[in-house]
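Understanding the architecture of this molecule
For reference, the chains in residue letters:
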Amino acid sequence: MRTWAAADRTRLFREMAEQPLDVLVIGGGITGAGILLDATVRGLRAGLVEMQDFAAGTSNRSTKLVHGGLRYLKQGEVRLVAEVGRERAIVHRLGPHITTPVWMLLPIIEGGTYGWFATSIGVWLYDRLAGVRREERRKMLPRDAALAREPLLRRDGLRGAGCYVEYRTDDARLTLEVLLAALERGAKAVNYARAERLLYEDGRVVGGRVVGARVRDVQIGETYEVRARFVVNAAGPWVDEVREMDGSKTGKTLHHTKGVHIVVDGARFPLKNAVYFDVPDGRMVFAIPRDGKTYIGTTDTDYHGDLAHPRMTIADRDYLLDCVRFMFPSIQLTPADIESAWAGVRPLIHEEGRGPSEISRRDEVFVSPTGLISIAGGKLTGYRKMAEKVVDLVARRMAEETGRALPPCSTDRVPYAGGHVGGAEGWPAYRKAQVAEGRALGLETAVAARIVQRYGSNAPEVWALLPEARERADAYGLPADVLAELLYGLRHEMVVRPADFVVRRTGMLYFDMPALRRVQGGLLAAMADELGWDAAEREEAAQELAQAVEEATVPLPAEPWQASTRAANVPDVQPSHAQ
């Protein structure tokens, strides 16, 4: 059984420092993970460092859809829709356990963004561009059929609905499984590893060719010099910071926007069908049922605050509640109904004169005079093509410099770490068999199904930890299945801090806050024993977890950076949710 644990961190740092890499990737989100996998599959010695946890930035704060972006047709982004639509099918094939097809309703409202004809043509074109399978192609529903499918829709002005398929995902686990697929092929990756400065040939402080980075282990403070023939900056919202470190932040720059989602209990908002709907300011918002909850989002506002800790504000919260009241007037949600929330920062390429919702989601690659390769922009769904673009560039330069020819990209045929389930066609049978295995081990059907859905073909590794978990669970007051997942995360998924587990390995902070409140003490105690924390380290971890819960549940009165602007007596530019 593969191990990838906190105890392996020092070894991984030393191995990367002792033998130069072909490629060093800075940034452990979905783009960096994709680059690591692509480079490794082509035969390159590749390593990745991430200053937080993997997927801690944008890559676990999306709308959690692998989708083609229907709204981008309105902006004329036909090529983008076609490309990411095709990629959507590939992602589903490589990891059917973390990509679930869901029918999405697009209500047609008098005076809305799309009328009946435009909706029919738009969704038809979307299906064709995205190469949608025949059984998943769009349907047009008259008013009564739309209400039968989703009775909570507003009746006033409703003319009908388009109905098409999107793919719901767990974005953080998607990132993790791409990383794990790379590790299985010899790549190296470490979280809580900050690239503090870049290294240049001949020992220069700056200038010359970039040949690596000085990396600090954030956990213990040790530093390592990691050298590589090529350095790739895939730092997401922090791409410009790395470019500044390189002295090459010129020309195009990032435009940060913030997106917020809220989560309510399904009993309070019993949505039967995912819905993508118009709101009064001209934008469109999702409401999506998942695991007994319903989540709603997203906002789209300019952002100039803390990139690591974006927060929901009262204005964000009230905006989304107003959106729900507009399309689902019988569901009068209040702030008290919100169980959790998340906010994410989108690293878009700045376009002068365009508002947050108007900026293209296209990606772009920048190559500096020092050879630093930076990639920014893009969408979760398109990560594999973004990675291919970067590694193709590396391959061309490798051939020019060394004469070594690399094979073309083949990651469209590389299953994710938990994706060895027989593809999308084999997944239902695999899932059924593994759920039966979980039940035979004494788990409730729903618990076994959750674990199989989360880990795919790695579920048997969780089953193997159940006997140990049962022996130890009472000592921590934890259910055995939760402890088995924690032990698996600690030993095989590089869980280092509490939020790694409750946010990015399980999503508990977002989608089961009541359960988290019940088990958080036991989780901390079990992690302390496994990781050898002393009293001070355990207290620090408890404070971190409490802070994560607060960030997910308590809205800020306003953005701190807006308050600073007003305090400086500078005219305040209030972000708008309108396009």
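Up top is the structure.
Residues numbered from 1 in each chain as written. Predicted model: local features only at pLDDT ≥ 70, side-chain atom pairs only at ≥ 80, totals over all residues. Heavy atoms only, no water.

1. Focus on helix α9 (residues 314-327)
- With 14 residues, α9 extends 20 Å from end C-alpha to end C-alpha; this agrees with the ideal 20 Å at 1.5 Å per step.
- All of the buried residues along α9 are Asp316, Arg317, Tyr319, Leu320, Leu321, Cys323, Val324 and Met327. (Helix = DSSP H or I, 4+ residues; strand = E, 2+ residues; numbered from the N terminus. Expected span 1.5 Å × (residues − 1). Buried < 20%, exposed > 50% of the residue type's maximum accessible area, 1.4 Å probe, protein only.)

2. Considerations on helix α14 (residues 466-476)
- Every buried residue belonging to α14 is among Leu466, Ala469, Arg472, Ala473 and Tyr476, and all of these are buried. Projected onto a plane normal to the axis of α14, the buried residues spread over an arc of 130° and lie on a single side. For α14, the exposed residues lying more than 90 degrees away from the buried face are Glu471, Asp474 and Ala475.
- Residues of α14 that are buried make contact with α13 (459-463), α15 (480-492) and α18 (513-531).
- Phi turns positive, to about 65°, at Gly477, one or two residues after α14. (Arc of directions from axis to C-beta. Contact = heavy atoms within 4.5 Å.)

3. Focus on the pattern of salt bridges
- One pass over the structure, following the stated rule, counts 46 salt bridges.
- The partner of Glu225 in a salt bridge is Arg227, and the shortest N-O contact between them spans 3.2 Å.
- Exposure remark for Glu225: the relative accessible area of 37% places this residue in the partly exposed category.
- Among the residues examined, Arg227 registers a relative accessible area of 37% and is labelled partly exposed.
- Note that Glu468 is salt-bridged to Arg472, the shortest N-O span being 2.9 Å. Of the two residues, Glu468 and Arg472 both sit in helix α14, 4 residues apart, roughly one turn of that helix. (Salt bridge = Lys/Arg side-chain N within 4 Å of Asp/Glu carboxyl O.)

4. Considering the nonpolar core
- In terms of nonpolar packing, the biggest core is built from 85 residues, with Trp4, Ile35, Leu36, Leu174, Val178, Ala189 and Tyr416 touching the most fellow members.
- The element that contributes the greatest number of residues to this core is helix α10 (residues 383-402), accounting for 9 residues.
- Residues contacting Leu174, with those up to four places away along its chain left out, are Ile30, Val66, Val91, Ile98, Thr169, Leu380 and Tyr416.
- Val81, Val435, Leu490 and Leu523 belong to the second largest nonpolar core, which has 69 residues in total. (Core = buried A, V, L, I, M, F, W, Y, C linked by side-chain atoms within 4.5 Å.)

5. Re the packing of helix α2 (residues 30-41) against helix α7 (residues 171-183)
- The N-to-C vectors of α2 and α7 enclose an angle of 20°; their axes lie 8 Å apart at closest approach. When the interaxial angle is binned, α2 and α7 end up roughly parallel. In this structure, α2 crosses over α7, and the sense of that crossing is left-handed. Facing α2, whose interface residues are Ile30, Ala33, Gly34, Leu36, Leu37 and Thr40, α7 presents Leu174, Thr175, Val178, Leu179, Ala181 and Ala182.
- Considering only residue class, the contact of α2 with α7 consists of 9 nonpolar, 3 polar and no charged. (Axes fitted to C-alpha atoms, helices over the stretch in contact; angles between N-to-C directions. Parallel < 35°, antiparallel > 145°, perpendicular 65-115°, else oblique. Left-handed = near helix turned anticlockwise from the far one by under 90°. Nonpolar A, V, L, I, M, F, W, Y, C, P; charged D, E, K, R; others polar.)

6. Comments concerning the pairing of strand β13 (residues 284-290)
- Counting buried positions along β13 gives 6 out of 7 residues, so the element sits mostly inside the fold.
- The sheet contact formed by strand β12 (residues 274-278) and β13 spans 4 bridges and is antiparallel. Residue pairing for β13: Tyr276 is matched across the bridge by Phe286.
- Taking the residues that link successive antiparallel strands as the turn, the β12-β13 hairpin has 5 residues, and the phi of Gly282 there is positive, at about 95°. (Pairing = 2+ DSSP bridges.)

7. What to know about the packing of aromatic side chains
- In this structure the tally under the stated criterion is 12 aromatic pairs.
- Ring centres of Phe269 and Phe328 lie 5.1 Å apart, and the angle between their planes is 65°; this geometry places the pair in the edge-to-face category. Taken together, the residues span a long stretch of sequence, with Phe269 in the loop between β11 (254-265) and β12 and Phe328 in the loop between α9 and β16 (338-349) at a distance of 59 residues.
- With a centroid separation of 5.6 Å and an interplanar angle of 50°, the aromatic rings of Tyr295 and Trp342 are classed as tilted. You can see Tyr295 sitting in strand β14 (residues 293-297) and its partner Trp342 sitting in strand β16, a full 47 residues away along the chain. As far as the burial class goes, Tyr295 and Trp342 line up, both buried.
- One aromatic cluster is present, formed by Tyr295, Trp342, Tyr510 and Phe511 through successive ring pairs. (Phe/Tyr/Trp six-rings, centres within 6.5 Å; stacked < 30°, edge-to-face > 60°.)

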